[in-house]
Amino acid sequence: MFYFNPRLKTVKDMFKKLYFVLVLSAAVACHAAPSKPIRVDGSNDLQPDARQNLVCKEVASLISKYNYKKVDLNDSLSAIIYDRYLKKIDPDHNYLLSSDVKAFANFKYQLDDDLKAGNLNDVFYIFNVFQKRYLDLIKYSLAHIDDNFDYNKNETFTYDREDLPYIATQKDMDELWLKRVKYDLLNLKIASPDMAKNKETLKKRYENLLSQSNKLSNQEVFQTFMDAFTEAVDPHTNYFNPFNAAQFNMEMSRSLEGIGATLTFENEYVTISTLVPGGPADKSHQLSPKDRIVGVAQGKDGEYQNVVGWRLDNAIALIRGPKGTTVKLQILPAGSSAGGKLKIVEIVRDKIVIQDELAKKEIRTYNSNGKTVKIGIIDIPAFYVDNNGMQAGDPNYHSTTRDVSRILDTLKNEHVDGIVLDLREDGGGSLAEAISLTGLFIKEGPVVQVKDTRAKIEIDSDDDPSIAYSGPLAILVDRFSASASEIFSGALQDYGRAVILGTQTYGKGSVQTEIDLDKVIDPSLADMVSKLTGTTKGRPTGSESTFGQLNLTIAKFYRITGNSTQRHGVTPDISFPSVIPLDKYGEDTEPSAMPFDVIPKSDYTKFGDLSGVIPQLKTLHDQRMATSDSYKYLLQDVADFKTHDAERSITLNEAQLKKQRDEDDQKTFDRDNLQRIALGLKPLKKGEVKPKNEDLDFVKIEAGQIMTDYININSKVTQVTPIQQ
């Protein structure tokens, strides 16, 4: 993803004006009562709260007025939102009956009006019908676990029904779910012949599904519908509820404020999985993995809230909080019984840096004509920046540019001959980081062009003439390299500064601004709505916001050549086969995505000319691949993935399924060993565990080999003396 902070004067002015409009419109809306909710017996009858109605209305207003696409909120868009919402709650048509969907038809062209009015009753009615079906079917499945199934019968279970029509009758639905129960038991039976134990295992699994569904709150329903709404407008305009907003900002900064523990949900308990080394929980020496959190209190004198049976995200929201604040936990120590004595642990929250998600390096050595070549590889998982740390003047705050700059200094001190930047699965992030990171490898010059809703084009440049690294450089990308990754790799390709390797990138060429709805909506309006509608005002927890966050598409970006990356992405100089299906993932597969277009190019001077060396590198690469077993296995992996991806059903005959599974397992085992041998590693025996930190990444290894070829062909190709264009 790619995000842009609204600090420009024009954006500030826009939202200053917008604030007064919102206050007025929201106050008026408080006096308009939405239609009454429709009750659904057999569901948990979840209903929207006043805040969600308010947020829904205001987000719809923001998107209608300020989204880059200028999409009208009308019946045509309503139909798209409706279809997306149904697909999100029942993607494989396994729960809703065709009669349910027929009854929903009245809502298909109503949702646009509901959004404008801040009326979520129709949305929640659809969900409650779905939940009734879901709960009934899980209960039906539980009742049939003890059935005597014939595992010698030749029949199949269709597990992927996405392209099939909704099921017409309850009888047909029951038959489908009987097959699902049979399939689940058959899977367990193939692994273990103890059917009594298998049935108990499956019973617990289904009971857990019931438990999780019963824990759903109106927040999850609201988030699901808002996803359907925003994605119908464009794929990258998103509303985040308060918890998801906190998660998003944590990922952007690669840090969070809390106790420094990874939590899981086990047997109705929020359970500690791991402790972050050096974090508050670790330093306390009072918590251990498998400890269960029973209660949470805010501050030294706060009252405990029992969190047994809570959804994990709701418990996390209580435990997280601002740096310097205190949280108290009631702990049931690992190994103690449910009735054991509780331990009280008091922890002062602190800032936690997620080290595993920061840029990191490795060095690979290659033999070239008797000479050892050292290639530094830098893995860049995202374009992140800790804005809070930066604004607070923290000298050790993390950002992609700062971290990569430090790594470059280390690699230069270790005398590497060339560097590969690995941007695979890097979904992007900060625009400012994409520009500043580009600046580490070029002299000053334009990096990206941005066109706003008024068609005004702004050129963002690197103004720092210093270069952190001027040696041979390659960038490795894949289908999930997006947005800021595409700005960065596209700019270095356009400057002739780096060889791009991998597969066509995602193609996200849009700009989003983060809007904290707490700063747009007056909190007193929520109180007014609560009083007028008789609902209870919610309580913010941890470090969460009250209303959540809207990431709004406000502009489109372009390469310095004038070409948009929208839909087209960045095309590598040397391509690899893609295990990720290009026809299923990428901007050009999104129905609501903006089109590709071109604007005038920037005035820039290339820093290198790779047109002569790339054909030579490609020839050497192709020659290696022609005789490479690893490359052959990669092609087979791509073909196998396509075969399995096309499958929609599976046999329920035990002998046939076991034979198929055994053959697949043996094929995978043999393939893994052949890949190990091809990479010069020792094959494994059956049951032998792979060594930790063992790297079987053939594509990364070959990227280093291409870099070695590059160095041998012409070490002066990546020059820093400008070439006039």
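Residues numbered from 1 in each chain as written. Predicted model: local features only at pLDDT ≥ 70, side-chain atom pairs only at ≥ 80, totals over all residues. Heavy atoms only, no water.

Student: Is there a simple way to think about the overall build of the protein chain in this case?
Tutor: Within the protein chain, the regular secondary structure consists of 21 helices and 23 strands. Taken over the C-alpha trace, the protein chain has a radius of gyration of 28 Å; the compact-globule value for 725 residues is 27 Å, and the two agree within 12%. Overall size of the protein chain, expressed as C-alpha extent along the three principal axes, is 75 × 70 × 55 Å. When burial is assessed residue by residue, the protein chain has 50% of its 725 residues classed as buried. Across the protein chain, the fraction of contacts at a sequence separation of at least 24, relative to all contacts at a separation of at least 6, is 78%. (Helix = DSSP H or I, 4+ residues; strand = E, 2+ residues; numbered from the N terminus. Rg over C-alpha atoms; globule rule 2.2 N^0.38 Å. Buried < 20%, exposed > 50% of the residue type's maximum accessible area, 1.4 Å probe, protein only. Contact = heavy atoms within 4.5 Å.)

Student: Mind showing me how you'd approach the sheet that holds strand β12 (residues 360–368) here?
Tutor: Working definition: the strands of a sheet are paired by backbone hydrogen bonds and lie parallel or antiparallel to each other. The sheet built from 6 strands is open, its strands ordered β12-β13-β14-β18-β19-β22 with mixed pairing. Of all strands in the sheet, those bounded by a partner on one side alone are β12 and β22 (574–575). Direction of pairing for strand β19 (residues 499–502) relative to β22: parallel, over a ladder of 2 bridges. Opposite leucine 501, over in β22, you have isoleucine 574 as the bridge partner. Lying over the sheet, helix α21 (residues 698–713) contacts β12, β13 (371–379), β14 (418–422), β18 (473–477), β19 and β22, oriented at roughly 60 degrees with respect to β12. (Pairing = 2+ DSSP bridges. Axes fitted to C-alpha atoms, helices over the stretch in contact; angles between N-to-C directions.)

Student: Would you explain helix α10 (residues 242–253) in this entry?
Tutor: Quick reminder: α-helices carry 3.6 residues per turn. Residues three or four places apart thus point the same way. The terminal C-alpha atoms of α10 lie 17 Å apart, and with 12 residues this matches the ideal 16 Å at 1.5 Å per residue to within 8%. Along α10, the residues classified as buried are Pro242, Phe243, Ala245, Phe248, Met250, Met252 and Ser253. Positive phi appears at arginine 254, one or two residues downstream of α10, with a value of about 60 degrees. (Expected span 1.5 Å × (residues − 1).)

Student: What is the right way to read the nonpolar core from this model?
Tutor: Within soluble globular proteins, side chains that are nonpolar tend to cluster in buried spots. One finds Phe229, Phe441 and Leu517 to be the most contacted residues of the largest nonpolar core, which totals 117 residues. When residues no more than four places from it in sequence are discounted, the contact partners of leucine 517 are Val55, Val59, Leu62, Tyr239, Phe547, Gly548, Gln549 and Leu550. (Core = buried A, V, L, I, M, F, W, Y, C linked by side-chain atoms within 4.5 Å.)

Student: How should I be thinking about α21 in this particular structure?
Tutor: Here α21 spans 22 Å end to end across 16 residues, near enough to the 22 Å set by a 1.5 Å rise per residue. With respect to burial, α21 is a largely interior element, 13 of its 16 residues being buried.

Student: Is there a simple way to think about the pairing of β12 in this case?
Tutor: Regular strands place their side chains on alternate faces of the sheet. For β12 and β13, the ladder comprises 9 bridges, and the chain directions are antiparallel. Bridge pairing in β13 links asparagine 367 to threonine 372. Counting the residues that bridge the hairpin from β12 to β13 gives 2 residues, and of these asparagine 369 lies at a positive phi of roughly 55 degrees.

Student: Before we go on, may I ask you to explain empty space enclosed by the protein in this structure?
Tutor: Space left empty within the atom packing is revealed by a probe, the size of a water molecule, rolled over the atoms. Under the counting rule described, the total for this entry stands at 1 cavity of 30 Å³ or more. Here the largest cavity is characterised by a volume of approximately 30 Å³. In terms of lining, the largest cavity is formed by Val447, Val448, Glu486, Ile487, Gly490, Ala491, Phe557, Tyr558, Arg559 and Thr565. Those elements giving two or more residues to the lining of the largest cavity turn out to be β16 (445–452), α16 (484–494) and β21 (549–558). Considering only residue class, the lining of the largest cavity consists of 6 nonpolar, 2 polar and 2 charged. (1 Å grid on protein atoms, 1.4 Å probe; cavity = no way out; pocket = protein on both sides within 12 Å on 5 of 7 lines; lining within 4 Å. Points joined across faces, edges and corners; volume = space filled by probe spheres on them. Nonpolar A, V, L, I, M, F, W, Y, C, P; charged D, E, K, R; others polar.)

Student: Sorry if this is basic, but what is going on with the packing of helix α7 (residues 170–191) against helix α8 (residues 195–214) here?
Tutor: When two helices pack together, their arrangement is captured by the angle between the axes and the distance separating the axes. Between α7 and α8, the least distance of the axes is 10 Å, while the angle of their chain directions is 130 degrees. In this view, α7 runs oblique relative to α8, as classed from their interaxial angle. Considering only the axes of α7 and α8, their crossing is right-handed. From α7, Arg180, Val181, Asp184, Leu185, Leu188 and Lys189 reach across to α8, where they touch Met195, Asn198, Lys199, Thr201, Leu202, Arg205, Tyr206 and Leu209. Class assignment for the residues of the contact of α7 with α8 results in 7 nonpolar, 2 polar and 5 charged. (Parallel < 35°, antiparallel > 145°, perpendicular 65-115°, else oblique. Left-handed = near helix turned anticlockwise from the far one by under 90°.)

Student: Can you walk me through the packing of aromatic side chains in this structure?
Tutor: What describes a pair of aromatic rings is the distance from one ring centre to the other and the angle between the planes of the rings. Within the structure shown, the criterion is met by 18 aromatic pairs. Summarising the aromatic geometry, the rings of tyrosine 85 and phenylalanine 225 are spaced 5.5 Å apart at their centres and angled 85 degrees between planes, so their arrangement reads as edge-to-face. Here phenylalanine 225 lies in helix α9 (residues 218–233) and tyrosine 85 lies in helix α3 (residues 75–89), a separation of 140 residues in the sequence. In terms of burial, tyrosine 85 and phenylalanine 225 fall into one category: buried. Centre to centre, the rings of phenylalanine 383 and phenylalanine 488 are 6.0 Å apart; their planes meet at 55 degrees, and the pair counts as tilted. Taken together, the positions of phenylalanine 383 in the loop between β13 and α13 (387–391) and phenylalanine 488 in helix α16 put the pair 105 residues apart, joining distant regions of the chain. The residue whose ring lies beneath arginine 402 is tyrosine 397, and the NZ or CZ to ring-centre distance is 4.0 Å. In this structure, lysine 686 is placed above the aromatic ring of phenylalanine 669, and the distance from its NZ or CZ to the ring centre is 4.5 Å. (Phe/Tyr/Trp six-rings, centres within 6.5 Å; stacked < 30°, edge-to-face > 60°. Lys NZ or Arg CZ within 6 Å of the ring centre and 35° of its normal.)

Student: Would you take a moment to explain the environment of glutamine 504 for this structure?
Tutor: Of note, glutamine 504 is situated in the loop between β19 and β20 (510–516). The class for glutamine 504 is partly exposed, based on a relative accessible area of 25%. Placed 68 residues apart in sequence, glutamine 504 and proline 572 show a C-alpha to C-alpha distance of 6.3 Å. Discounting chain neighbours no more than four positions away, the residues touching glutamine 504 are Asp478, Arg479, Arg567, His568, Val570, Pro572 and Leu582. Among the polar contacts made by the side chain of glutamine 504, one reaches the side chain of arginine 479 at a distance of 3.4 Å. From its side chain, glutamine 504 meets the backbone oxygen of histidine 568 in a polar contact 2.8 Å long. (Polar contact = N/O pair within 3.5 Å; in protein donor to acceptor, adjacent residues only side chain to side chain.)

Student: Before we go on, may I ask you to explain the packing of helix α15 (residues 431–439) against α16 in this structure?
Tutor: Across the interface, α15 lies against α16 with an axial gap of 9 Å and an inter-helix angle of 25 degrees. Compared by their axis directions, α15 and α16 come out roughly parallel. Judged by the twist between their axes, the crossing of α15 over α16 is right-handed. Seen from α15, the contacting residues are Leu431, Ala434, Leu437 and Thr438; seen from α16, they are Ala484, Ile487, Phe488, Ala491 and Leu492. A breakdown of the residues in the contact of α15 with α16 according to their chemical character gives 8 nonpolar, 1 polar and no charged.

Student: Looking at this structure, how should I read the side chain of asparagine 673?
Tutor: Summarising the element assignment, asparagine 673 is placed in helix α20 (residues 654–678). Overall, asparagine 673 belongs to the buried group, its relative accessible area being 10%. Setting aside residues no more than four positions away along its own chain, asparagine 673 makes contact with Pro683 and Leu684.

Student: For this particular structure, what's the right way to read the pairing of β14?
Tutor: Buried residues dominate β14, accounting for 5 of its 5 residues. Of the two faces of β14, the one lined by Gly418, Val420 and Asp422 and the one lined by Ile419 and Leu421 are each fully buried. Strand direction decides the pairing type here: β13 and β14, joined by 5 bridges, are parallel. Note that in β14 the partner of isoleucine 375 across the bridge is glycine 418. As paired strands, β14 and β18 are joined by 4 bridges and run parallel to one another. Bridge assignment links leucine 421 to a residue of β18, and that residue is isoleucine 475.

Student: How do you make sense of the confidence of the model for the protein chain when you look at a structure like this?
Tutor: Any residue range with low pLDDT should be treated as having predicted coordinates unsuitable for detailed reading. With 91% of its residues at a pLDDT of 70 or more, the protein chain has an overall mean of 88. Note that pLDDT drops below 50 for residues 1–34; the model gives that stretch 73 contacts with residues more than four away or on any other chain. Ignoring residues within four places in sequence, the model shows residues 533–542, a span with pLDDT below 50, making 18 contacts including any to other chains. (pLDDT = per-residue confidence, 0-100.)

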